[in-house]
Amino acid sequence: MTWRYSKDKLVEPGRVVPAFITMQPEPDESLAGLFNRMFGRTVFSNFSAAAARAGIASNRPDFMASSELTDAQVEGLAARLGTSTDEVRFRLHPPARIGDNGTRGVNFHGQFLRLTFLERERRRVSPMALELNRYHRALWDVRPLSFDSSTMELLLDTCPVCGNKLRWRNLFGPEKCDHCRDGRGLPCTDLRDHRQPMVPEEQHDVLRAVAGLLDPRAEVREQSVRFFPDPWRGLAPSEIFHLLTEMGLATSGLSGTLLPSSLPLHADALYEAGRVLAGGVEAFHAWSDSTLTRKDAPHWTVDRPMASTGYDRLVKCPHISLSAKSLLQGMRLDIRKVTRRRRAGSFAWLVAWDLTREFHVDHARTRTFVKHVKSVIRAGGDLSSEKIPKTKEEFASLIPVIKDAVSIGLAASMLRAGMDVVDGIGKIGLLQPIQSPASLLLKANTSYSGSAVRQLMEQFQSRLGRSTEGDDLCPVATVLRNSGIRPLPRAAAWHLIWSGAAHVLCSRPDPSDWLREVLVPDPAAFIALLHDHPSVRTDVALPDQVTTQVAAQMIDSDIVVVAQLVKNKILSPSAKTRPLMFRRKDVEQFAEKYVSTPELKRALGWAKGGPLSASCPDLPPSAFDFAGQRSRFYLRSDCTGILQA
């Protein structure tokens, strides 16, 4: 059977005549239900044909109530049904939108209803309600309601005999299945004979109030609104209903797209949401702070942001009205003030936003600080041992420390050294990182006092003697490479210079590169001090995987030479991912097989730079020869005489 209306049966709106049998609509009856009840006992068995005689040309008469009908069509429809135009308009659901966000919906008997909440394709009935009075209730078309509000019976949407979904295809009456027919083509299944399970009795009052919020009768809506205490009574009935629906979804953890054929909410979910709202403000706050929503799947619509609590889900939901969101935000502000007053005495000042505005501290770090303090308080920890400020004045004493703090990278820049030097002198004890709770207010994971860093740099520069151009001196970088200590003890060398234990010179008082500009008059004595330094441990085993920098130190070279060896496939990294890592055994085998130029210089007693080939006629040929070679390596077996000299 086709849904397409017959053009030869279409009657012009001005020429519509009343049907042979007319019935007055019930106050809460839907328009499609009235059509079905009126023409169910006539010769019209096709919905489209009956609508065509009323002047409505539609291929989907089940969508007739939500269609935008003209005044002439409304008058023709009222004439055909034998009722007034006001009764017809009352049962229409014209398009509507909520606020300025453009959320689509319909005007459901004077109340806004989300478009996906209106069931139009499928028919849902209550057999017990049809037994009491044979008409289709408008609330049965509200998709989140899975029960009849008068009998509290669960709705039936599938024929128990044929198994087909109930629809509006045929006009057999609201109590009949529109699929089942006997041998004469007449409807043969009476849905009133198939009772459905009942809602538990203890849920009746709450669920009747929830369903009554969208009841077509204004007096029922007003009674349902009075069921909920202040401040909910200041909202429209539909606003309360959408709040309850969203709360039910959050409680049941449902997500995904709301399909037209789905019935997402169980009666228990609406009951729990209604019980929370009926319990007052405190019950709602207890629910909003504890109810978590699912994060592993999208919610109903793609425009809904992810939420962590029930309150967040409500205020971020685009289907909640602006007035309801404003009410929720005001309630949250009031409860925060009450909670703040309930805190123990002096901790009423512990509010992240207030601290951020007053002391001009980064808000993200202030929240981290407040969260940490609250966790210690809840755990019953010792505030004194945690060095947690107990008053705002004590918190204010942390601000100068925060203002003076520098990150480890900035500290390295101020010392004109690398971060390994900063970390090393920190382990020696020269520089201590800022500890909790002040560290919680800093963005960097490790921070130091800027004044302490500047003081160290001034002391370091005061230890530098003045050198002249004619001095035959060796840079610190060369001495470190010739020391034989791996990794290079840069932090120990910096500490020796700072403490004055090693005598060094420099051509200017403020060197930009201390490794190359600071010169050592006695390299042998400096190397001896390095070996005796407490931070140097030559017997400490290196990890199985070493970085490019450590590998360069193990073969007496630098990272540029290591990169050249990798490029020419002489030394292979353990993986091609960045940063490059090398197997320690491979680097050790390379160092055992080949000898570098710095090692040969140490064997010959050279303490300065310069080409080795000009002063060593017995030097064997280089083991490798490639373009742009930065440093040369020789077979250790060919250099036995030089190494043993």
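Predicted model only: the values in this text are computed from it and were never measured.

What counts and how
- Within each chain, residue numbers correspond to sequence positions counted from 1 in written order.
- Owing to the predicted nature of the model, reporting of local features is limited to residues with pLDDT of at least 70; listing and counting of side-chain atom pairs is limited to 80 or more, with chain, interface and lining totals taken over all residues.
- To obtain the side-chain values, all non-hydrogen atoms of the structure were included, while hydrogens and water were left out.
- Under the DSSP-based scheme used, a helix requires at least four consecutive residues in state H or I and a strand at least two consecutive residues in state E, with every element numbered from the N terminus.
- In this scheme, a residue with accessible area under 20% of its type's maximum is buried, one over 50% is exposed, and one in between is partly exposed, where area comes from a 1.4 Å probe on protein chains only.
- Should any heavy atoms of two residues lie within 4.5 Å, those residues are counted as being in contact.
- Computed by Shrake-Rupley with a 1.4 Å probe, the accessible areas treat only the displayed protein chains as cover when residues are assessed.
- Between rings of Phe, Tyr and Trp, where Trp is taken as its six-membered ring, a pair exists when centres lie within 6.5 Å; planes separated by under 30 degrees are stacked, by over 60 edge-to-face, and by other angles tilted.
- Placement of a positive charge over a ring is assigned whenever Lys NZ or Arg CZ falls within 6 Å of the ring centre and within 35 degrees of the normal to the ring plane.
- Each residue carries a pLDDT score, the predictor's own confidence in it, on a scale running from 0 to 100.
- Think of a salt bridge as a Lys or Arg side-chain nitrogen and an Asp or Glu carboxyl oxygen that are within 4 Å of each other.
- Polar contacts here mean pairs of N or O atoms no more than 3.5 Å apart (in protein, one a potential hydrogen donor and the other a potential acceptor; neighbouring residues in sequence count only if both atoms are side-chain atoms).
- We call two strands paired when DSSP finds no fewer than two bridges between them.
- Angles shown run from 0 to 180 degrees and are taken between the N-to-C directions of axes, each axis being a line fitted to C-alpha atoms and, for helices, limited to the stretch in contact.
- With respect to orientation, any angle under 35 degrees is reported as roughly parallel, any angle over 145 as roughly antiparallel, any angle of 65 to 115 as roughly perpendicular, and every other angle as oblique.
- Left-handed describes a crossing in which the near helix is turned anticlockwise from the far one by less than a right angle; the clockwise case is right-handed.
- The definition of a nonpolar core used throughout is a set of buried Ala, Val, Leu, Ile, Met, Phe, Trp, Tyr and Cys residues joined through side-chain atoms within 4.5 Å.
- For this quantity, the arc is that covered by the directions from the helix axis to the C-beta atoms.
- Each residue receives one of three labels: charged for Asp, Glu, Lys and Arg, nonpolar for Ala, Val, Leu, Ile, Met, Phe, Trp, Tyr, Cys and Pro, and polar for the others, Gly being one of them.

A look at the overall build of the protein
- Counting its secondary structure elements, the protein contains 28 helices and 13 strands.
- Scored against the burial criterion, the 645 residues of the protein give a buried share of 47%.
- Counted over contacts in the protein with a minimum sequence separation of 6, partners at least 24 positions apart contribute 64%.
- When the accessible surface of the protein is summed, it comes to about 31400 Å², and 51% of that surface belongs to carbon and sulfur atoms.

Some details on the packing of aromatic side chains
- Enumeration over the complete set of coordinates arrives at 13 aromatic pairs.
- A ring pair is formed by F460 and W494, whose centres lie 4.7 Å apart and whose planes are at 5°; its orientation type is stacked. Taken as a pair, F460 in helix α19 (residues 450-462) and W494 in helix α21 (residues 490-499) lie far apart in primary sequence, 34 residues in all.
- Residue classification places F460 among the buried residues on the basis of a relative accessible area of 1%.
- With a relative accessible area of 0%, W494 lands in the buried category.
- Connected via pairs of aromatic rings, a cluster forms that spans F590, Y594, F624 and F633.
- One Lys or Arg, R123, reaches over the ring of W168 and ends 5.8 Å from the middle of that ring.

Here we look at the confidence of the model for the protein
- On average, residues of the protein carry a pLDDT of 80, and 84% of them reach 70 or more.
- In the model, residues 255-263 has pLDDT below 50 throughout and makes 24 contacts with residues more than four positions away in sequence or in other chains.
- Here residues 293-305 is modelled with pLDDT under 50, and outside its nearest four sequence neighbours on either side it reaches 41 contacts, counting other chains as well.

Digging into the pattern of salt bridges
- With the rule as written, the count across this model stands at 24 salt bridges.
- E87 is paired through a salt bridge with R91; the nearest N and O atoms lie 2.7 Å apart.
- Salt bridges here are not isolated pairs; linked through shared partners, they connect D28, D215 and R217.

Overview of the side chain of E119
- Note on placement: E119 falls in the loop between β3 (111-114) and α5 (127-132).
- Side chain to side chain, E119 and R143 meet in a polar contact 3.2 Å long.

Description of the pairing of strand β2 (residues 103-108)
- The pairing of β2 with β3 spans four bridges and is classified as antiparallel. Paired with V106 across the bridge in β3 is L113.
- Counting the residues that bridge the hairpin from β2 to β3 gives two residues, and of these H109 lies at a positive phi of roughly 55°.

With respect to the packing of α21 against helix α23 (residues 523-532)
- Here α21 crosses α23 at 110°, and the two axes come no closer than 10 Å. By the angle between their directions, the pair α21 and α23 is classed as roughly perpendicular. Note that α21 runs across α23; the crossing there is right-handed. Between α21, through A492, A493, L496 and I497, and α23, the contact on the second element is made entirely by F526, L529 and L530.

Quick notes on unusual backbone geometry
- Geometrically, the link from D230 to P231 is a cis peptide bond, its omega value of 5° lying close to zero.
- Relative to the assigned elements, P231 resides in the loop between α7 (218-227) and α8 (237-252).
- One non-glycine residue with positive phi stands out, namely M152, at about 60°.
- Structurally, M152 is set in the loop between α5 and α6 (204-212).
- We classify M152 as buried; its relative accessible area is 0%.

Concerning the nonpolar core
- One finds L113, F147, F228, W232, I240, F241 and F284 to be the most contacted residues of the largest nonpolar core, which totals 49 residues.
- Elements represented by at least two residues in this core include exactly β2, α6, α8, α9 (267-278), α10 (281-290), α11 (310-316) and α12 (322-342).
- Listed in part, the 39 residues of the second largest apolar core include A417, C474, V479 and C506.

Brief notes about the environment of N170
- In this fold, N170 is placed in the loop between α5 and α6.
- Since its relative accessible area comes to 5%, N170 is described here as buried.
- Considering only alpha carbons, one finds N170 and F39, 131 residues apart in sequence, at a separation of 9.8 Å.
- From its side chain, N170 meets the backbone oxygen of D178 in a polar contact 2.8 Å long.

A closer look at α23
- Residues of α23 that are buried include every one of P523, F526, I527 and L530, and no others. Down the axis of α23, the buried side of the element spans an arc of 100°, and every buried residue falls inside it. In α23, the exposed positions that point more than 90 degrees away from the buried face belong to A524 and D532.

Some words on the environment of A438
- Examined against the element boundaries, A438 turns out to sit in the loop between α18 (419-428) and β5 (447-449).
- Along the sequence, A438 and P389 sit 49 residues apart, while their C-alpha atoms lie 9.9 Å from each other.
- Contacts of A438, omitting those with residues within four sequence positions, involve L398, V401 and I402.

Re the sheet that holds strand β8 (residues 505-506)
- One open sheet accounts for four strands, arranged β6-β8-β9-β7; its pairing is mixed. Either end of the sheet is taken by a strand with one partner, and the two such strands are β6 (465-466) and β7 (474-475).
- Summarising the sheet, β8 and strand β9 (residues 518-520) pair through two bridges and their orientation is antiparallel. Residue pairing for β9: C506 is matched across the bridge by V518.

Concerning the side chain of N36
- Relative to the elements of secondary structure, N36 occurs in helix α1 (residues 31-39).
- On the basis of relative accessible area, N36 is assigned to the buried category, the value being 2%.
- Of note is the side chain of N36, whose polar atom sits 3.4 Å from the backbone nitrogen of F172.
- If we ignore the near neighbours within four places in the chain, the residues touching N36 are R123, W168, N170, L171, F172, G173 and P174.

Side note on the packing of α6 against α9
- Direction vectors running N to C along α6 and α9 enclose 90°, while the axes themselves pass 9 Å from each other. With respect to their mutual orientation, α6 and α9 come out roughly perpendicular. For the pair α6 and α9, the contacting residues are V206, L207 and V210 in the first and A267, L270, Y271, G274 and R275 in the second.
- Among the residues making up the contact of α6 with α9, the classes are represented as six nonpolar, one polar and one charged.

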